[in-house]
Amino acid sequence: MTNILVVDDHPFFLHGFSQYLENGYDFTVETALSVDEAIAKLDSVRPDLAMLDVSMQGGGGLRVLRHMRLHYPDIPAMFLTVHVEPEQTIEAMRLGIKGIALKDSDPEVIINGMKTILAGGKWFEHSVTEPALQYSVDKPSRTVRSDDLLTKREMEIVELVCLGLRNRQIADRCALTEGTVKIHLNSVYRKLGVASRAELIVKREGMRSTQS
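Source: prediction; values computed, not measured.

**Q** Got a minute to help me understand the packing of helix α8 (residues 152-162) against helix α10 (residues 178-192) in this structure?
**A** Between two packed helices, what matters for the description is the angle formed by their axes and the separation of those axes. Look at α8 against α10: their axes get within 10 Å of each other, and the N-to-C directions meet at 90°. By the angle class used here, α8 and α10 are roughly perpendicular. Contact residues: α8 offers Arg153, Glu154, Ile157, Val158 and Val161, while α10 offers His184, Leu185, Ser187, Val188 and Lys191. Among the residues forming the contact of α8 with α10, the class breakdown is 5 nonpolar, 2 polar and 3 charged.

**Q** Can you help me understand the pairing of strand β5 (residues 99-102) in this one?
**A** Along any regular strand, the residues point their side chains to alternate faces of the sheet. Burial along β5 is two-sided: the face carrying Gly99 and Ala101 and the face carrying Ile100 and Leu102 are both buried. Two elements, strand β4 (residues 77-81) and β5, share 4 bridges in a ladder whose sense is parallel. Counterpart to Phe79 in the pairing with β5 is Ile100. In this region the chain leaves β4, passes through helix α4 (residues 86-94) and returns to the parallel neighbour β5; the handedness of that crossover is right-handed. In the classification by handedness, the crossover that spans β5, the intervening helix α5 (residues 107-118) and the parallel strand β6 (residues 123-124) is left-handed.

**Q** Which parts of the structure should I look at to understand the pattern of salt bridges?
**A** Pairs can form between side chains of opposite charge once their charged atoms are near each other. Summed over the entire model, instances satisfying the criterion amount to 8 salt bridges. The salt bridge involving Asp36 is made with Arg63; its shortest N-O contact spans 3.0 Å. Here Asp36, found in helix α2 (residues 35-45), pairs with Arg63, found in helix α3 (residues 60-71); they are 27 residues apart in sequence, far enough to count as distant. With its nearest N and O atoms 3.7 Å apart, the salt bridge here joins Glu178 to Arg168. Within this pair, whereas Glu178 is found in helix α10, its partner Arg168 is found in helix α9 (residues 167-174), the two being separated by 10 residues in sequence. When its relative accessible area of 28% is taken as the criterion, Glu178 is described as partly exposed. Take Arg168: its relative accessible area is 41%, and that puts it in the partly exposed class. Here the salt bridges share partners, and the residues they tie into one network are Asp8, Asp53 and Lys103.

Cut-offs and rules
- Residues numbered from 1 in each chain as written.
- Predicted model: local features only at pLDDT ≥ 70, side-chain atom pairs only at ≥ 80, totals over all residues.
- Heavy atoms only, no water.
- Axes fitted to C-alpha atoms, helices over the stretch in contact; angles between N-to-C directions.
- Helix = DSSP H or I, 4+ residues; strand = E, 2+ residues; numbered from the N terminus.
- Parallel < 35°, antiparallel > 145°, perpendicular 65-115°, else oblique.
- Contact = heavy atoms within 4.5 Å.
- Nonpolar A, V, L, I, M, F, W, Y, C, P; charged D, E, K, R; others polar.
- Buried < 20%, exposed > 50% of the residue type's maximum accessible area, 1.4 Å probe, protein only.
- Pairing = 2+ DSSP bridges.
- Right-handed = clockwise from strand over helix to strand, strands pointing away.
- Salt bridge = Lys/Arg side-chain N within 4 Å of Asp/Glu carboxyl O.

Note that all results are geometric; they support no functional claim without further evidence.
Right, here's the structure in full:
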């Protein structure tokens, strides 16, 4: 018998879906109504497949999935939900989710997805993956920080500029020539898209506030 863990905080759906799995297929079903109960069941049951609702209190299916990847990376997981945001889909895929299905899908479609995952494959509904793909194309992967752009020496010079030091003073502090300081500053201006010391100071203070 294949053991399935179904995690959902709606008792009516949880009971109905569990009965459907047990009555029509070669499945035994364990259930959990909360994230904490799901984590406890994983520790005691070790299911062949965990089916997780995304939108539960206490972190939802993503919190359970993170726990699984840390402690039980070999147990496959599938999201079964009414709606999943593109950001959640992308994070779930990064965490190794094997499938995502919508609760209003035909039950046989969901069963086929479960069987595919249990056989070692992956199964995702197009209505879930297409918005996630578009989101990943439209949204930059991360915010670029000034620390990612500048060299260690350039960052040192920026900090001294922000302290009010002039080029000559910076050159003495860093054991450089004044001309070398100007070269570094020109590189900083180009990378950060500023044209003056005043703009550089404003830009740096803004980046500090977003990084804190």
